[in-house]
Amino acid sequence: MYFYGTTGVNKNGNLEIGGVDSVQLTKEFGTPLYVYDVALMRERARSFKQAFEEQNIKAQVAYASKAFSTIAMIQLAEEEGLSLDVVSGGELYTALVAGFPVERIHFHGNNKSREELEMALDQEIGCIVVDNFFELELLKTISIEKNAHVNILLRITPGIEAHTHDYILTGQEDSKFGFDLQNGQAEDALKMALEVENFEVLGLHCHIGSQIFETTGFLLAAKKIVEKMEVWKHKLSFEAKVLNLGGGFGIRYTKEDEPLQPSQYVSEIIREVKKLTESYSLKMPEIWIEPGRSLVGDAGITLYKVGSSKEVPGVRKYLAVDGGMSDNIRPALYQAKYEAVLANKPLTKADKTVSIAGKCCESGDMLIWDLPLPETNEEDILAVFCTGAYGYSMANNYNRIPRPAVVFVENGTATLVVKRETFADLIQHDLPLK
Ligand SMILES: Cc1ncc(COP(=O)(O)O)c(C=O)c1O
Ligand SMILES: N[C@@H](CCCC[NH3+])C(=O)O
């Protein structure tokens, strides 16, 4: 069994995370429970930042908070000197309440509303990543109304097909995001933006997809954009100060996954951008990246209580847990795969094969198919690894299941950072018929 970060087995024979006994955590905070290894998140953040610092490259590592946005997480990102990518008024609000420095907030999204843009301008956030012509016009109008100066990046669709699940691909030509590079939209957008007095066009952005294991796509995207930077330097007298290559760095969910280290992604990107800009005599831009999953994904573990089981003779055994697609929709949405062990007997020989079912009324609510586990009983706790990204942030109340609590563990201390929802929380916005 491969353990991540500070995860291991303690002297009681239980899974331990951040120096805290996982079984003890379930007694104190209940199940399902999201547990985050803070040391591992810090390590990931530092390795991305160091990879730029070691080469003296001006950079911003912006945590893509859509992966896991809570006040404590955003405060951790601030402690580690990250910038922050937000994608909605709600994420921006969370960042503001967390006290995140506004100048390091970048605002994304393909359909930002007037209210969201006004909020961003009123707060004087660091930059807005403009996605489309509609937004360009709207932002221009608002910036004039408010007499506000706005830093912007233009989101470019470079026409790259990264090798990942179709639903998490974003850089291909037929995408809902960004200005297309090939068909001239990107150039038209840049011309329009450069004419707006209140705008400062800092540079260009692209994001080619998520859970990517190789650098080819990032390098190709960089190449396509830098080639255009050369064209636009001469044609429009525009030199990008910033090249933002988005997020998408993959992590290891199962033994089949073979991601690179953060430093490997970064050093290859730096090498390529340096080579390209030198060959065109362009100034080396600042490089910004936006990792989400790779900062928090493998730091998260979900603990569930084992419940009912059902045998389909000669076919399979289903073992149900007290959560499911309501706290982790990724298996249902992307056929995502996970590994798991029993937290109270992680080293016991896994000589049975069971399929882990959630408790939602959907046949598709299966968390893991054909998982090797030891014999189980009612007291057992299932620990599913690598649930830190897009687990809590995509959790929902389907079947009116309350969202689990979130606990941060570090140096033997557990801190509750999100309270478990109650049944009363579930109905708090409901109104009676009369
Ligand atoms: C624009 C943008 N930046 C960053 C991210 C973060 O991606 P990941 O969590 O794969 O690093 C995403 C999500 O895919 C995104 O859409
Ligand atoms: N939510 C997705 C990633 C989406 C990326 C957002 N652009 C996942 O769980 O893998």
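This text gives an overview of the structure that appears in the document. Remember, it's a predicted structure, so these values are computed and weren't measured experimentally. (Residues numbered from 1 in each chain as written. Chains lettered and ligands numbered in written order. Predicted model: local features only at pLDDT ≥ 70, side-chain atom pairs only at ≥ 80, totals over all residues. Heavy atoms only, no water.)

### Thoughts on the site of ligand 2
Thought 1: As a matter of local geometry, ligand 2 sits amid seven residues, with Arg293, Arg330, Tyr334, Tyr390 and Met394 nearest to it.
Thought 2: Between an oxygen atom of ligand 2 and a side-chain N or O atom of Arg330, the distance comes to 2.5 Å.
Thought 3: A distance of 2.9 Å separates a nitrogen atom of ligand 2 from a polar side-chain atom of Tyr334.
Thought 4: Each residue belonging to the shell around ligand 2 can be placed in one class, and the counts come to four nonpolar, no polar and three charged. (Near = heavy atom within 4 Å. Polar contact = N/O pair within 3.5 Å; in protein donor to acceptor, adjacent residues only side chain to side chain. Nonpolar A, V, L, I, M, F, W, Y, C, P; charged D, E, K, R; others polar.)

### Structural notes on the packing of aromatic side chains
Any aromatic ring pair is given by two values, namely how distant the centres are and how the planes are angled relative to each other.
Thought 1: All chains considered together, the criterion is met by 14 aromatic pairs.
Thought 2: Where Phe3 meets Phe385, the ring centres are 6.0 Å apart and the plane angle is 55 degrees; that geometry is what we call tilted. Separated by 382 residues along the polypeptide, Phe3 in the segment before strand E1 (8–9) and Phe385 in strand E19 (residues 381–385) bring together distant segments of the chain.
Thought 3: On the basis of relative accessibility, which here comes to 24%, the residue Phe3 falls in the partly exposed class.
Thought 4: The buried category is assigned to Phe385, whose relative accessible area is 0%.
Thought 5: Geometrically, the ring pair formed by Tyr253 and Tyr338 is edge-to-face, given 5.3 Å between the ring centres and 85 degrees between the ring planes. Of this pair, Tyr253 sits in the loop between strand E12 (242–244) and helix H9 (262–279) while Tyr338 sits in the loop between helix H11 (330–334) and strand E16 (340–342); the two residues are 85 residues apart in sequence, bridging distant segments of the chain.
Thought 6: When its relative accessible area of 4% is taken as the criterion, Tyr253 is described as buried. (Phe/Tyr/Trp six-rings, centres within 6.5 Å; stacked < 30°, edge-to-face > 60°. Helix = DSSP H or I, 4+ residues; strand = E, 2+ residues; numbered from the N terminus. Buried < 20%, exposed > 50% of the residue type's maximum accessible area, 1.4 Å probe, protein only.)

### Observations regarding the pairing of strand E11 (residues 199–205)
Thought 1: Counting buried positions along E11 gives six out of seven residues, so the element sits mostly inside the fold.
Thought 2: Where strand E9 (residues 150–157) and E11 come together, six bridges link them in parallel fashion. Bridge pairing in E11 links Arg155 to His205.
Thought 3: Note on the crossover from E11 through helix H8 (residues 216–236) to E12: the handedness is right-handed. (Pairing = 2+ DSSP bridges. Right-handed = clockwise from strand over helix to strand, strands pointing away.)

### What about the sheet that holds E1?
Thought 1: One open sheet accounts for three strands, arranged E1-E2-E3; its pairing is antiparallel. Among the strands making up the open sheet, the edge pair consists of E1 and strand E3 (20–21).
Thought 2: For E1 and strand E2 (residues 15–17), the ladder comprises two bridges, and the chain directions are antiparallel. The residue bridging Val9 from the neighbouring strand is Leu15, located in E2.

### Remarks on the environment of Lys255
Thought 1: Mapped onto the secondary structure, Lys255 falls in the loop between E12 and H9.
Thought 2: We classify Lys255 as exposed; its relative accessible area is 61%.
Thought 3: In this structure the C-alpha to C-alpha distance between Lys255 and Met1, which are 254 residues apart in sequence, comes to 9.4 Å.

### Quick look at the site of ligand 1
Thought 1: Near ligand 1 lie 14 residues; those nearest to it are His207, Ser210, Glu290, Arg293 and Tyr390.
Thought 2: Gly292 is positioned with one of its backbone polar atoms (N or O) 2.9 Å from an oxygen atom of ligand 1.
Thought 3: A breakdown of the residues in the shell around ligand 1 according to their chemical character gives three nonpolar, six polar and five charged.

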